[in-house]
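Structure assessment
The lines below spell out each chain.
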Amino acid sequence: MRSFIPRSEHLKHKRKKRRREWWPYFFAAMVIAILVRLYALEPYDVSGDSMQKNINSSDLVMINKFIYHFTKPTPNEVIVFQATKESKYIKRVIAVAGQTVEAENNKILVDGDLIEEPYLNSSSRTTDFNLVEVPAGHVFVLGDNRMESRDSRHIGTVSLDQIIGRAELIYWPLGEMKFL
């Protein structure tokens, strides 16, 4: 014969059992979240106007840190890199290793050919600079808002070792969410 167990005791026992059942899932989710944050994705808070019209100051951008373990940056990709010990920059790749880049009459020439830059404001200006050959293991970067940007014209080419990752998504503000 079964003994009588009050309903409250029975429910307490059931809740304890349920807690024990979901605990491993919670722990696994936390471990996965930490690993993703450390090795795959990183949020970046944009500071400054160097990438305006496309990326504004205070936008939050998600960086893909994993991509460049398998491939190298290509022209037009937006990257985040460690410019100094204290600061990270977000810029657009204009030229890669082995290419030459120069600016003449407000136009960018890569390997002597004019490049299309649909991401620039119509009022954007690029000051002339002399021919630069991008060394192996480096990229040449420029901000989209050229007159407000501290980029390869000032700091030189960027080593692949300095690159943190590729900017993939503006996720804040929500009204301006978009893939880059």
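Just above, that's the structure.
Residues numbered from 1 in each chain as written. Predicted model: local features only at pLDDT ≥ 70, side-chain atom pairs only at ≥ 80, totals over all residues. Heavy atoms only, no water.

1. Concerning the sheet that holds strand β5 (residues 100-104)
Pairing is antiparallel in the open sheet, where four strands are placed in the order β7-β6-β5-β8. At either end of the open sheet lies a strand with only one pairing partner, and these are β7 (113-114) and β8 (129-133). In this sheet, β7 lies alongside strand β6 (residues 107-110) in antiparallel orientation, the contact comprising two bridges. Among the inter-strand pairings, V110 is bridged to a residue of β7, identified as D113. (Pairing = 2+ DSSP bridges. Helix = DSSP H or I, 4+ residues; strand = E, 2+ residues; numbered from the N terminus.)

2. Section: the side chain of S124
Tracing the backbone shows S124 in the loop between β7 and β8. Judged by relative accessible area, which is 13%, S124 ranks as buried. Not counting chain neighbours up to four residues away, the residues in contact with S124 comprise N106, D144 and R146. (Buried < 20%, exposed > 50% of the residue type's maximum accessible area, 1.4 Å probe, protein only. Contact = heavy atoms within 4.5 Å.)

3. Considerations on the pattern of salt bridges
Taken as a whole and judged by the stated rule, the model has seven salt bridges. When the shortest N-O distance is used, the salt bridge between R146 and E117 registers 2.5 Å. Taken together, the residues span a long stretch of sequence, with R146 in the loop between β9 (138-142) and α2 (152-155) and E117 in the loop between β7 and β8 at a distance of 29 residues. E117 shares its class with R146; the two are buried. In this structure, the salt-bridge partner of D151 is R153, at a minimum N-O distance of 2.8 Å. (Salt bridge = Lys/Arg side-chain N within 4 Å of Asp/Glu carboxyl O.)

4. Points about the pairing of strand β2 (residues 60-64)
Sheet topology note: the strand β1 (residues 41-45)/β2 ladder contains five bridges and is antiparallel. Note on β2: the bridge partner recorded for D45 is L60. The pairing of β2 with strand β11 (residues 163-172) spans five bridges and is antiparallel. The partner of N64 across the bridge, within β11, is R166.

5. Describing the side chain of D151
Mapped onto the fold, D151 is located in the loop between β9 and α2. Not counting residues up to four positions away in its chain, the partners in contact with D151 are K91, V141, L142, G143 and G156.

6. Some thoughts on the pairing of β9
Two faces make up the sheet, and in a regular strand the side chains alternate between them. Of all five residues making up β9, four are buried, and the element is well covered by its neighbours. Of the pairings in the sheet, the one linking strand β4 (residues 88-96) to β9 comprises four bridges and is antiparallel in character. Its bridge partner lying in β9, V93 is registered against V141. Sheet topology note: the β9/strand β10 (residues 158-159) ladder contains two bridges and is antiparallel. Its bridge partner lying in β10, V139 is registered against V158.

7. Quick notes on unusual backbone geometry
Cis geometry marks the peptide bond from Q52 to K53, where omega comes out at 25 degrees. In this structure, K53 sits in the loop between β1 and β2. The peptide bond linking W172 to P173 adopts the cis configuration, its omega dihedral lying at 5 degrees. Its place among the elements puts P173 in the loop between β11 and β12 (178-179). Residue S58 is not a glycine yet carries a positive backbone phi of 80 degrees. Mapped onto the elements, S58 comes out in the loop between β1 and β2. In the Ramachandran plot, N76 falls in the positive-phi region, its phi being about 85 degrees despite a non-glycine side chain. Along the chain, N76 turns up in the loop between β2 and β3 (78-82).

8. Brief notes about the packing of aromatic side chains
The geometry of two aromatic rings is summed up by the distance between their centres and the angle between their planes. Considering all chains together, one arrives at three aromatic pairs under this definition. Relative to F70, the ring of F66 lies with its centre 5.1 Å away and its plane at 70 degrees, an arrangement referred to as edge-to-face. Judged by its relative accessible area of 41%, F66 is partly exposed. Residue classification places F70 among the exposed positions, given a relative accessible area of 64%. Here F129 and F140 contribute two aromatic rings whose centre-to-centre distance is 5.5 Å and whose plane-to-plane angle is 25 degrees, an arrangement assigned as stacked. Of this pair, F129 sits in strand β8 while F140 sits in strand β9, placing them 11 residues apart in sequence. By the burial criterion, F129 is buried, and F140 matches it. Here the basic side chain of K91 rests over the ring of Y89, its NZ or CZ set 5.3 Å away from the ring centre. (Phe/Tyr/Trp six-rings, centres within 6.5 Å; stacked < 30°, edge-to-face > 60°. Lys NZ or Arg CZ within 6 Å of the ring centre and 35° of its normal.)

Read these as layout, nothing more, since geometry by itself doesn't imply function.
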